[in-house]
Amino acid sequence: MLDDLKANNRAWAARKIEGDPGFFKRLEGQQAPEYLWIGCSDSRVPANDIVDLDPGELFVHRNVANLAPPQDANYLSVLQFAIDVIKVKHVMVVGHYGCGGIAAAVDGKRRGLVDHWLHPIREVFHDHRQELDAIPEARARLDRLCELNVIRQVRNVASDVFVQDAWARGQQVCIHGWVYSISTGLVNDLGVTVTGLEELENL
Ligand code: CO
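Residues numbered from 1 in each chain as written. Predicted model: local features only at pLDDT ≥ 70, side-chain atom pairs only at ≥ 80, totals over all residues. Heavy atoms only, no water.

1. Things to note about the pattern of salt bridges
No. 1: Under the criterion given, the structure shown has eleven salt bridges.
No. 2: With a shortest N-O distance of 2.8 Å, Arg 152 and Asp 127 are connected by a salt bridge. Taken together, the residues Arg 152 in helix H9 (residues 138-159) and Asp 127 in helix H7 (residues 119-127) connect sequence positions 25 residues apart.
No. 3: A salt bridge links Arg 139 to Asp 143, with the nearest nitrogen and oxygen atoms 3.3 Å apart. With a gap of four residues between them, Arg 139 and Asp 143 both fall in helix H9, about one helical turn apart.
No. 4: The class for Arg 139 is partly exposed, based on a relative accessible area of 45%.
No. 5: Asp 143 sits in the buried class, given a relative accessible area of 16%.
No. 6: Salt bridges here are not isolated pairs; linked through shared partners, they connect Glu 131, Arg 144 and Glu 147. (Salt bridge = Lys/Arg side-chain N within 4 Å of Asp/Glu carboxyl O. Helix = DSSP H or I, 4+ residues; strand = E, 2+ residues; numbered from the N terminus. Buried < 20%, exposed > 50% of the residue type's maximum accessible area, 1.4 Å probe, protein only.)

In structure tokens:
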């Protein structure tokens, strides 16, 4: 079972130590990534690949539609560990255009549990109803909702007590909002970076 994947794994590990025999040994001791990536679970949005980082260089949390819900113990545990223990300098919330989670949130169909998970997106949708309704093309409207959702999640992360306590003790933490394009492979920085309370208030 899954023999092809196991063969891939052995070949990958061999390639890694080919030019750098100490690669895995070094990682064994500790991880010290400077970045936390909060992204979508979509298989077309592989965090490390997109920013070309090796194992050990990116702390990753992924869920459907890249949400940072203030009551989600999974996300909060990752965030606290990243901020308090690893002391990452940057948190990137990374959405992607054409996100199925975003589309599913607002298409009116019932799917079950995921409808509850996607509820925060419907709130973003309603908060920006005028702007979104003014976009005639459906795909462009959803892509804008992808961006607005990322901005909302950036605000969630920046509003979190773990982040605010870090700022209060002088720890540098920058929260960024990006949207990735599956069709070009390129990241669009939304320019909503928050590095402290003042920027959060203006977001
Ligand atoms: Co997605």
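2. Describing the pairing of strand E4 (residues 174-180)
No. 1: By the criterion of burial, E4 is predominantly enclosed, with seven of the seven residues buried.
No. 2: With burial as the criterion, each face of E4 is covered, one bearing Cys 174, His 176, Trp 178 and Tyr 180 and the other bearing Ile 175, Gly 177 and Val 179.
No. 3: In the sheet, strand E3 (residues 90-96) pairs with E4 via seven bridges, with the strands oriented parallel. By the bridge assignment for E4, Val 93 is matched with Gly 177.
No. 4: Of the pairings in the sheet, the one linking E4 to strand E5 (residues 187-189) comprises three bridges and is antiparallel in character. In the strand pairing of E5, Val 179 is matched with Asn 188. (Pairing = 2+ DSSP bridges.)

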